[in-house]
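Notes for the structure review
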Amino acid sequence: GFDKFYGFIGGETNQWAPFLYDGTAVVELPLDPNYHFMADMTDKAVAWIKYQKALTPQKPSFIYFAPGATHAPHHVPQEWIARWKGRFDQGWDKMREETLARQIKLGVVPAGTKLAPKPPAIRDWDTLSADEKRLFTRQAEVFAAYAEYTDHEIGRMLEAFEDVGQADNTLVVYIAGDNGTSGEGGQNGMFNEYTYFNGVQETVPDMLKKIDQWGGPETYPHMASGWAVGFDSPFGWMKQVPSDFGGTRNGMVISWP
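Residues numbered from 1 in each chain as written. Predicted model: local features only at pLDDT ≥ 70, side-chain atom pairs only at ≥ 80, totals over all residues. Heavy atoms only, no water.

Concerning the overall build of the protein chain
Helix and strand counts for the protein chain stand at 7 helices and 6 strands. Listed N to C, the secondary structure of the protein chain is β-β-β-α-β-α-α-α-β-α-α-α-β in terms of helices and strands. For 257 residues, the compact-globule formula gives about 18 Å, and the C-alpha radius of gyration of the protein chain, at 20 Å, lands near that figure. Along the three orthogonal principal directions, the C-alpha set of the protein chain runs to about 60 × 45 × 30 Å. Evaluated residue by residue, the protein chain yields a buried proportion of 47% over its 257 residues. Excluding contacts between residues fewer than 6 apart, the proportion of contacts in the protein chain whose partners are at least 24 apart in sequence is 74%. (Helix = DSSP H or I, 4+ residues; strand = E, 2+ residues; numbered from the N terminus. Rg over C-alpha atoms; globule rule 2.2 N^0.38 Å. Buried < 20%, exposed > 50% of the residue type's maximum accessible area, 1.4 Å probe, protein only. Contact = heavy atoms within 4.5 Å.)

This is the structure in structure tokens:
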């Protein structure tokens, strides 16, 4: 029932080099080293909003805007990653406490809520080596940057309704999350998530050699599962564990005048 579809069908889609469809036609990507699907998707949505309102101004418009973020692979421009430098140096244990405190203050959860016990398989942050901490904090910075970059692009899409004079005549439903942050990264995270599917173990020393590339076109990364538990606070588990769910993964916007 949609007039236009632009996007990818498969999961685990490379955001730097996705396999895309425009309707039923395969899209040939531009030869642009800075190409990223999130910006491309936004550009196409903005163009359609303006085109539709110019061509048939009497008709209402409906947008189902579903980014790939923050599903793995975590792909985001380096300038966005830099904005999060040092923001996760406290580690996932302290972050769980900080997150719960903010949730109580905001009324997201009731006063007196306690953190669920951390799974035994998730190591205490204070027991990690300096190299592990350096790698893992970078993974969290990339994940957070990916989420922020996506929020920015959603905002850019919504500005198109202002440009066509429909900002005050548009209902926005924003859904963040479906079943929690994902633990497929395992204990150490992954530089290339396909190692998970092929049963190949990546080591911390090997991944540290490419830490500055993390999140870029040369990578297909996922974060350590300690962050999946941390970002799902105050729950004790993560995606794929039926008893618990929470956190952020995909974002969708549905809008119509």
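A few points about the sheet that holds strand E2 (residues 21-22)
The strand order across the open sheet built from 3 strands is E1-E2-E3, with neighbouring strands paired in antiparallel fashion. Taken across any chain shown, the strands that pair with only one partner, and hence form the sheet edges, are strand E1 (6-7) and strand E3 (25-26). As paired elements, E1 and E2 share 2 bridges and run antiparallel to each other. Looking at the pairing, Gly-7 lines up with Tyr-21 of E2. (Pairing = 2+ DSSP bridges.)

So, the confidence of the model for the protein chain
In low-pLDDT segments, the atomic positions of the prediction should not be examined closely. Of the residues in the protein chain, 93% have a pLDDT of 70 or more, and the chain-wide mean is 90. Per-element averaging of pLDDT across the protein chain places strand E6 (residues 251-256) at the bottom with 33 and helix H2 (residues 78-82) at the top with 98. (pLDDT = per-residue confidence, 0-100.)

Here we look at a nonpolar patch on the surface
On the surface, Phe-2, Phe-62 and Tyr-64 cluster together to form a nonpolar patch covering roughly 330 Å² of accessible area. Checked against the element boundaries, Phe-2 lands in the segment before E1. Using a relative accessible area of 53% as the deciding quantity, one classes Phe-2 as exposed. (Patch = residues over 30% accessible without salt bridge, like charges linked within 9 Å, V, L, I, M, F, W, Y side chains within 5 Å. Areas by Shrake-Rupley, 256 points an atom, 1.4 Å probe, with all protein chains shown as cover. Salt bridge = Lys/Arg side-chain N within 4 Å of Asp/Glu carboxyl O.)

Quick notes on the packing of aromatic side chains
A complete count under the given rule lists 15 aromatic pairs for this structure. With a centroid separation of 6.0 Å and an interplanar angle of 25°, the aromatic rings of Trp-227 and Phe-231 are classed as stacked. Here the residue Trp-227 and the residue Phe-231 both occupy positions in helix H7 (residues 225-231), the gap between them amounting to 4 residues, near one helical turn. Given the relative accessible area of 0%, Trp-227 is considered buried. Since its relative accessible area comes to 18%, Phe-231 is described here as buried. Each residue in the set Trp-84, Phe-88, Trp-92, Trp-125, Phe-136, Phe-143, Trp-227 and Phe-231 is aromatic and connected to the rest through ring pairs, giving one cluster. Across the ring face of Trp-84, the terminal group of Arg-87 is positioned such that the distance to the ring centre comes to 4.3 Å. (Phe/Tyr/Trp six-rings, centres within 6.5 Å; stacked < 30°, edge-to-face > 60°. Lys NZ or Arg CZ within 6 Å of the ring centre and 35° of its normal.)

Re the environment of Phe-191
Looking at the secondary structure, you find Phe-191 in the loop between strand E5 (171-176) and helix H5 (194-197). By relative accessible area, Phe-191 is classed as buried at 10%. For the pair Phe-191 and Asp-124, spaced 67 residues apart in sequence, the C-alpha to C-alpha distance is 22 Å. Beyond its immediate stretch of four places on either side in the chain, Phe-191 contacts Glu-202, Met-207, Lys-210, Trp-214, Glu-218, Thr-219, Tyr-220 and Pro-221.

Here's the deal with the nonpolar core
It is characteristic of soluble globular proteins that their nonpolar side chains tend to be buried jointly. Counting 49 residues, the largest nonpolar core has Phe-65, Val-76, Phe-88, Trp-92, Phe-136, Trp-227 and Phe-231 as its most contacted members. Among the elements of the structure, helix H1 (37-55), strand E4 (63-65), H2, helix H3 (91-106), helix H4 (130-163), helix H6 (204-208) and H7 are those that each provide at least two residues to this core. (Core = buried A, V, L, I, M, F, W, Y, C linked by side-chain atoms within 4.5 Å.)

Considerations on the side chain of His-75
Position of His-75 relative to the elements: it lies in the loop between E4 and H2. Take His-75: its relative accessible area is 0%, and that puts it in the buried class. At 3.4 Å, the side chain of His-75 forms a polar contact with the side chain of Asn-14. Apart from residues no more than four positions distant in its own chain, His-75 is found in contact with Asn-14, Gln-15, Trp-16, His-36, Tyr-146, Gly-215, Gly-216, Thr-219, Tyr-220 and Pro-221. (Polar contact = N/O pair within 3.5 Å; in protein donor to acceptor, adjacent residues only side chain to side chain.)

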